[in-house]
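# Structural description and commentary
One letter stands for each residue in the lines below.
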Amino acid sequence: MPSRFNYVYIAAAITVLICLNIGLFFIIHEPPESTAPMPMAIDSNFLAQVNDCLIPVATLYGYTLRIASGWRSVDEQAAIYQQGRTINGHIVTEAPAGKSIHNFGFAVDIVDRWRGYDINWTRLHNIGIYCRLENDKDDPPHFEIRDGLTIALFAAGMRPLTHDLPCPIMAERAKENKPLTFKDLKDCGTPKF
């Protein structure tokens, strides 16, 4: 006849096996990563940094900038990513669908209406920094706001902080639909670019 001591060992062994099976179940059947819904438009605060600061300040320096690309759907990003890979053309992005900051509404690509891409990117980079925009010198037309967030954090639903324009006069001029002037920049204490 088995002793009471053996029953304790058998019960413990069964408990361990059950726990291992439950643990293996959750490892094998791991729930998918939680993702927030993809945005359907460009972020309005980010767009204000571009339209009410970057473009008006650049205009004073003789540029006629326009946004060549802003928010992109995942399908649009997939098509652009295939360009130069499976579709004829030049590679224009290294970011596959869902992995571009454009998909989350916090990036634009700019171009000059008359000069195209033949412009002083260093000056625009510095204007962008003043306007609280981030710009990678390896991709000069691309301006964004990340605030240190990775694409995975964007996918999880995190967003950059809301940024104010560097000078209240910029918001006033935009609201009045009036152009920014060099005097405005001087009054704001804006450096020369």
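First, a word on what this report is: a plain description of the structure on this page. (Residues numbered from 1 in each chain as written. Predicted model: local features only at pLDDT ≥ 70, side-chain atom pairs only at ≥ 80, totals over all residues. Heavy atoms only, no water.)

## What to know about the overall build of the protein chain
Broken down by element type, the protein chain carries seven helices and four strands. Mapped in sequence order, the helices and strands of the protein chain form the string α-α-β-α-β-α-β-β-α-α-α. The proportion of buried residues among the 193 residues of the protein chain is 33%. (Helix = DSSP H or I, 4+ residues; strand = E, 2+ residues; numbered from the N terminus. Buried < 20%, exposed > 50% of the residue type's maximum accessible area, 1.4 Å probe, protein only.)

## A few points about the packing of aromatic side chains
For the structure shown, the criterion picks out seven aromatic pairs. Considering the side-chain rings of Phe-46 and Phe-106, the 6.3 Å spacing of their centres and the 50° angle between planes classify their relative orientation as tilted. Taken together, the residues span a long stretch of sequence, with Phe-46 in helix 2 (residues 44-60) and Phe-106 in the loop between helix 3 (74-82) and strand 2 (107-112) at a distance of 60 residues. Each member of the pair, Phe-46 as well as Phe-106, is classed as buried. (Phe/Tyr/Trp six-rings, centres within 6.5 Å; stacked < 30°, edge-to-face > 60°.)

## Re the environment of Ala-97
Relative to the helices and strands, Ala-97 is located in the loop between helix 3 and strand 2. Excluding residues that lie within four positions of it along the chain, Ala-97 makes contacts with Val-74, Gln-77, Ala-78 and Asn-103. (Contact = heavy atoms within 4.5 Å.)

## With respect to the pattern of salt bridges
On inspection of all chains with the given rule, the structure shows seven salt bridges. Across the pair Arg-115 and Asp-112 runs a salt bridge, and its minimum N-O distance is 3.5 Å. Looking at Arg-115, the relative accessible area reads 42%, which means it is partly exposed. Because the salt bridges share partners, they merge into one network encompassing Arg-173, Glu-176 and Asp-184. (Salt bridge = Lys/Arg side-chain N within 4 Å of Asp/Glu carboxyl O.)

## Digging into the pairing of strand 2
Of all the six residues making up strand 2, six are buried; the element is thus mostly covered by neighbouring parts of the structure. On strand 2, burial covers both faces: Ala-107, Asp-109 and Val-111 on one face and Val-108, Ile-110 and Asp-112 on the other are all buried. Here strand 1 (residues 65-69) runs beside strand 2; their pairing, made up of four bridges, is antiparallel. Bridge pairing links Leu-65 to Asp-112 in strand 2. (Pairing = 2+ DSSP bridges.)

## Observations regarding the packing of helix 2 against helix 4 (residues 121-130)
It is the contact of helix 2 with helix 4, at a shortest axis distance of 9 Å, that shows an interaxial angle of 140°. Put simply, helix 2 runs oblique to helix 4. For the crossing formed where helix 2 meets helix 4, the hand is right-handed. Together, Cys-53, Leu-54, Val-57 and Ala-58 of helix 2 and Leu-124, Ile-127, Gly-128 and Tyr-130 of helix 4 make up the contact between the two elements. For the contact of helix 2 with helix 4, a count of residues per class yields seven nonpolar, one polar and no charged. (Axes fitted to C-alpha atoms, helices over the stretch in contact; angles between N-to-C directions. Parallel < 35°, antiparallel > 145°, perpendicular 65-115°, else oblique. Left-handed = near helix turned anticlockwise from the far one by under 90°. Nonpolar A, V, L, I, M, F, W, Y, C, P; charged D, E, K, R; others polar.)

## Some thoughts on unusual backbone geometry
Backbone geometry places Arg-132, a non-glycine residue, at a positive phi of 65°. Here the phi dihedral of Asp-147 falls at roughly 55°; this positive angle occurs in a residue that is not glycine. Residue placement: Asp-147 occurs in the loop between strand 4 (142-144) and helix 5 (151-155).

## Focus: the side chain of Thr-93
Inspection of the secondary structure puts Thr-93 in the loop between helix 3 and strand 2. Relative accessible area serves as the criterion here: at 11%, Thr-93 is assigned to the buried category. A distance of 3.5 Å separates a polar atom in the side chain of Thr-93 from a polar atom in the side chain of Gln-77. Apart from the residues lying within four places of it in its own chain, the contact partners of Thr-93 are Gln-77, Ile-80, Tyr-81 and Arg-85. (Polar contact = N/O pair within 3.5 Å; in protein donor to acceptor, adjacent residues only side chain to side chain.)

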